[in-house]
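Next come the chains, spelled out residue by residue.
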Amino acid sequence: MKCIALLSGGLDSCLAVKVVAEQGIEVLAFNFQTAFCSTGSKGASCGDATRISDQEKFNLKVIHIGQEYLDMVAKPKHGWGKNMNPCIDCRILMLNKAKEYMEVTGAKFIITGEVLGQRPLSQHWRAMKDVERESGLEGLLLRPLSARLMPPTIPEIKGWIDRDKLCAIEGRQRKEQFAMAKAYGVENPPTPAGGCLLTDPAYSDRLRDVLEHTGGLTVHLAQVIKYGRYLRLDAKTFTVIGRNQEDNFHLEALQLPDEWKFRPLNCMGPVALGNGPLDDTAKRSIASMLARYADRPADGIVQVEARQGREGAPELFFATAAEPEAVGAVRV
Ligand code: SF4
């Protein structure tokens, strides 16, 4: 008997795998990577599924979902949560993919680490039922951590799994999960799954702005707004100015052939990317915003080089720092 587990990399999905594997069921773990995965310093990262799988010897498959996911984020049927997180549609899409994987691998059902009442939008009972129905998995979606609080699923009814050995956890308290982690000997228990930038308010503001002005999302747009200060110059133009060396590195790597890169020549300072049809005024404006964040020389004049794509002819601007109010007015 085989099942598929949606493994986020957080503690709950890790424990769900343990609870089911303990009953002699082979568990194939399935993890999704999207353009909104963050591997930075903000707590847990999408890479945790790999770490925990290596540690606990889970059989893991990592799937990258691209444009299909971006289109769903741009227009989620069930709407967004508190930020730009379309959790219900996201779960449905992921479960649809897991269902396909279940069918090709001959697995019989799917498990998740969801806990009843733990999350505001996606883990209410009604939302859980919607997700189950819309992904065509009625009766085949088992939540081992809350299973005994829910009607029996097909795996329980058919006796593939012993319902009495499943859990009845509810709510946001995580005491039971930490006790289980200890009992299972899970070292360095992962934090609750994190790493989804769609739940980050600042990132969501930028993404909303991009969506309002472009009408759709691309992997490039989702990526470029991760790295730096995002400034909306007009309906068609925005710039992203790096905050540190890491941002600068990413912005340089992400530059598209039609985007402009700005960098200071006579002092240390950030890289800026300009996206949109930049006329001379827009270029001067970006140069002076970049100068605001540069280590300006004594005369306050920053020489800024602008270049379209990697091969474009360099243009030189002499910029003084934009006033903080002017930057604040366009910063998203
Ligand atoms: S937090 Fe992000 S990854 Fe998780 S269900 Fe919501 S949208 Fe999907």
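Residues numbered from 1 in each chain as written. Predicted model: local features only at pLDDT ≥ 70, side-chain atom pairs only at ≥ 80, totals over all residues. Heavy atoms only, no water.

## Some words on the overall build of the chain
Keep this limit in mind: Counting from the N terminus, the helices are the DSSP runs of H or I reaching at least four residues and the strands are the DSSP runs of E reaching at least two. We call two residues in contact whenever any of their non-hydrogen atoms come within 4.5 Å of each other. The accessible surface values rely on the Shrake-Rupley method and a 1.4 Å probe; as for residues, cover is taken only from the protein chains in view.
Within the chain one finds twelve helices and eleven strands. Counting only C-alpha atoms and orienting by the principal axes, one finds that the chain spans roughly 75 × 35 × 35 Å. Here the contacts in the chain between residues at least 6 apart in sequence split such that 64% fall between residues at least 24 apart. Surface summary for the chain: the accessible area is close to 15,500 Å², and the carbon and sulfur share equals 51%.

## Observations concerning the pairing of strand S7 (residues 237–241)
Basically, it comes down to this: With a 1.4 Å probe rolled over the protein chains alone, any residue whose accessible area is under 20% of its type maximum counts as buried; one over 50% counts as exposed, and the rest are partly exposed. The criterion for strand pairing is that DSSP finds at least two bridges linking the strands in question.
Of all five residues in S7, five are buried, a share of seventy percent or more. Burial along S7 is two-sided: the face carrying Thr237, Thr239 and Ile241 and the face carrying Phe238 and Val240 are both buried. Both strand S6 (residues 229–234) and S7 contribute to a ladder of five bridges, which runs antiparallel. Opposite Arg229, over in S7, you have Ile241 as the bridge partner. In this sheet, strand S9 (residues 272–275) lies alongside S7 in antiparallel orientation, the contact comprising four bridges. Across the sheet, Thr239 pairs through a bridge with Gly274, a residue of S9.

## Here we look at the site of the ligand
Keep this limit in mind: Whether a residue is near a molecule or strand depends on its heavy atoms: it is near if one of them lies within 4 Å of it. Amino acid classes used here: Ala, Val, Leu, Ile, Met, Phe, Trp, Tyr, Cys and Pro are nonpolar; Asp, Glu, Lys and Arg are charged; the rest, including Gly, are polar.
Close contacts around the ligand come from Tyr69, Pro86, Cys87, Cys90, Arg91, Cys196 and Thr199, and that covers them all. When the residues that make up the shell around the ligand are grouped by side-chain class, the tally is five nonpolar, one polar and one charged.

## Quick notes on the packing of aromatic side chains
What counts here: Between rings of Phe, Tyr and Trp, where Trp is taken as its six-membered ring, a pair exists when centres lie within 6.5 Å; planes separated by under 30 degrees are stacked, by over 60 edge-to-face, and by other angles tilted. Counting as a charge over the ring demands two things of the Lys NZ or Arg CZ atom: a distance within 6 Å of the ring centre and an angle within 35 degrees of the ring normal.
Going through the model one piece at a time under the given rule, you end up with six aromatic pairs. Centroid distance Phe36 to Tyr69: 6.1 Å. Interplanar angle 45°. Geometry classified as tilted. With Phe36 in the loop between strand S2 (26–33) and helix H2 (48–56) and Tyr69 in helix H3 (residues 67–74), this residue pair connects regions lying 33 residues apart in the sequence. An angle of 40° between the planes, with centres 5.1 Å apart, marks the rings of Tyr230 and Phe238 as tilted. Phe238 matches Tyr230 in its accessibility class, with the two residues each being buried. An aromatic cluster of at least three residues, connected via ring pairs, comprises Phe30, Phe32 and Tyr101. The ring of Tyr293 carries Arg229 above its face, with NZ or CZ at 3.6 Å from the centroid.

## Looking at the domain arrangement of the chain
Formally: Note: domain ranges come from an automatic or database domain assignment.
One can read the domain layout of the chain as domain 1 (2–197) and domain 2 (227–330). The C-alpha-based centres of domain 1 and domain 2 are spaced at 42 Å.

## Section: the pattern of salt bridges
As a reminder of what qualifies: Salt bridge criterion: a side-chain nitrogen from Lys or Arg within 4 Å of a carboxyl oxygen from Asp or Glu.
Taken as a whole, this structure holds 20 salt bridges when the rule is applied. Arg284 is the salt-bridge partner of Asp280, the closest N and O atoms lying 2.9 Å from each other. One end of the pair, Asp280, and the other, Arg284, are both in helix H11 (residues 280–292), four residues apart, so they sit about a helical turn from each other. A single network of salt bridges, built from pairs that share partners, joins Arg91, Glu114, Lys129, Glu132 and Arg143.

## Some thoughts on the environment of Lys283
Assignment of secondary structure puts Lys283 in helix H11. Relative accessible area serves as the criterion here: at 9%, Lys283 is assigned to the buried category. C-alpha separation for the pair Lys283 and Glu305, spaced 22 residues apart in sequence, amounts to 10.0 Å. Each residue touching Lys283, except ones within four places of it in the same chain, is listed here: Trp260, Phe262, Leu278, Glu315 and Phe317.

## Digging into the sheet that holds strand S5 (residues 141–142)
With parallel pairing, the five strands of this open sheet are ordered in space as S3-S2-S1-S4-S5. This sheet does not close on itself; its edge strands, each paired only once, are strand S3 (59–64) and S5. Two strands pair when backbone bridges link them, and strand S1 (residues 2–6) and strand S4 (residues 109–111) are joined in this way by three bridges, in the parallel orientation. Pairing of Ala5 across the sheet is with Ile111, part of S4.

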